[in-house]
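Descriptive analysis of the structure
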Amino acid sequence: MSELIEVLTKDGSYSLRSVFFQENFHSLLGALEETKSKFTATSDLQRFKGKSLSVLDICFGLGYNSASLLNELIKQKSYLNLYALEIDKKPLEYSLRNESFLKLWDPKVKRIFKSLYCNDYFEDQFFKCSFLWGDARKKINIIPPSIKFDLIYLDGFSPQKCPQVWTIEFLSKVTEKLKPQGYLITYSSSAAVRKTLRNFGLEIFTIKPSFNNKTLWSQGTVAISKFHKNKLKANFNFEKLSLMEEEHLLTKASIPYRDKDLNLNKDDIIKKRLDEQLLSNLLSTNKWREKWGMTKLSSRVRFK
Ligand SMILES: C[S@@+](CC[C@H](N)C(=O)[O-])C[C@H]1O[C@@H](n2cnc3c(N)ncnc32)[C@H](O)[C@@H]1O
């Protein structure tokens, strides 16, 4: 599964490309920039200064999202309970060998990553980190039901390349693990994913495009569980969906990915959805694209 090719992104940070999934791990504009602008800045970490939080990192990969999180929490002396899910050990192995990746962070991040690689675990006064290797669809069941998360990062390959981690059934398991007011953060602006999360009763926000790339209409999605307006701190990184994004959710693109027993392969999940789209009376996604002057939907520029 894991033939991986090294990729140098535009901000000078390294990433990988998966031959199996035919997709890059990060935007070519910058792996570090992507992590910071989509995941770290969106997390409102200052809320947890000197306090404790629980985070679930799904599709850990090289570990940019966890590394950036740990780096900030070290500075602000927070207490963290981290769980990470990942099917392939090679990306973390690559991170541990890549000096320029390691140099991005406080040296403690390297110690934690080494321990996660060798022992699947790290613990000290501030941090308790557990790594669950394998298919996230199965391994998520091992997390004790009593543990609920303040933040969940969902960073799988795109729904068309890896629909297994974007289905109604998997997203249901994921969102069950959110605390009230907890954030599920993903780079995906897929209508299918957004609609599914909204149908679960989560409040959906769009991550605003970054200054470096104004051509994209969104950098992803934040879904907040049991949202309460008065409890949300002002975050300038995300906002309500635009009219264009709302209308996207009325099109055939919003038809969900399904995987009833959480064991289907990619092709079966894609085919099931195509069949459902063919029978659907929802608006055509091409019409929506024409209306809003769009030729291509791309929320993560991986190939350019
Ligand atoms: C886009 S990359 C993740 C990028 C990552 N957050 C980083 O910082 O490098 C997607 C990751 O999902 C992993 N993956 C794919 N299918 C998976 C599954 N069913 N369960 C768990 N991990 C999976 C891949 O091995 C890959 O490392």
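This section reports on the structure supplied with the text. (Residues numbered from 1 in each chain as written. Predicted model: local features only at pLDDT ≥ 70, side-chain atom pairs only at ≥ 80, totals over all residues. Heavy atoms only, no water.)

**Remarks on the site of the ligand**
As a structural note, the neighbourhood of the ligand is formed by 20 residues, with Leu62, Tyr64, Glu86, Ala136 and Asp155 the closest of them. At 2.6 Å, a side-chain N or O of Glu86 approaches an oxygen atom of the ligand. Here a nitrogen atom of the ligand sits 2.7 Å away from a polar atom, N or O, in the side chain of Asp155. Relative to its unbound accessible surface of 600 Å², the ligand loses 98% to contact with the protein. (Near = heavy atom within 4 Å. Polar contact = N/O pair within 3.5 Å; in protein donor to acceptor, adjacent residues only side chain to side chain. Areas by Shrake-Rupley, 256 points an atom, 1.4 Å probe, with all protein chains shown as cover.)

**Quick word on the packing of helix α3 (residues 90–97) against helix α5 (residues 107–119)**
Two elements in contact, α3 and α5, have axes separated by 10 Å at closest approach and are oriented at 145 degrees. Between α3 and α5 the crossing geometry is left-handed. Seen from α3, the contacting residues are Leu92, Glu93 and Leu96; seen from α5, they are Lys110, Phe113, Lys114 and Tyr117. Class assignment for the residues of the contact of α3 with α5 results in four nonpolar, no polar and three charged. (Axes fitted to C-alpha atoms, helices over the stretch in contact; angles between N-to-C directions. Helix = DSSP H or I, 4+ residues; strand = E, 2+ residues; numbered from the N terminus. Left-handed = near helix turned anticlockwise from the far one by under 90°. Contact = heavy atoms within 4.5 Å. Nonpolar A, V, L, I, M, F, W, Y, C, P; charged D, E, K, R; others polar.)

**Quick look at the sheet that holds strand β11 (residues 220–224)**
Pairing is mixed across the open sheet formed by nine strands, whose spatial order is β6-β7-β5-β4-β8-β9-β11-β10-β12. Here the strands that pair on one side only, and so sit at the sheet edges, are β6 (121–123) and β12 (238–240). Between one strand and the next, the sheet's axes are offset by a mean angle of 20 degrees, whatever the strand orientation. By the bridge criterion, three bridges tie β6 to strand β7 (residues 127–133) in an arrangement that is antiparallel. The residue of β7 that forms the bridge with Tyr121 is Ser130. Its contacts with the sheet place helix α2 (residues 64–75) against β4 (52–58), β5 (79–86), β7 and β8 (149–154), and it is angled at close to 175 degrees to β5. (Pairing = 2+ DSSP bridges.)

**Things to note about the pattern of salt bridges**
When their charged atoms lie close together, side chains carrying opposite charge are able to pair. Considering all chains together, one arrives at twelve salt bridges under this definition. Notably, a salt bridge pairs Glu246 with Arg198, separated by 2.8 Å at the nearest N-O pair. In this pair, Glu246 sits in helix α9 (residues 243–248) while Arg198 sits in helix α8 (residues 191–199), placing the two residues 48 residues apart along the sequence. Residue classification places Glu246 among the partly exposed residues on the basis of a relative accessible area of 28%. Through salt bridges that share partners, Asp135, Arg137 and Asp259 make up one connected network. (Salt bridge = Lys/Arg side-chain N within 4 Å of Asp/Glu carboxyl O. Buried < 20%, exposed > 50% of the residue type's maximum accessible area, 1.4 Å probe, protein only.)

By themselves, these observations are geometric and do not establish any function.
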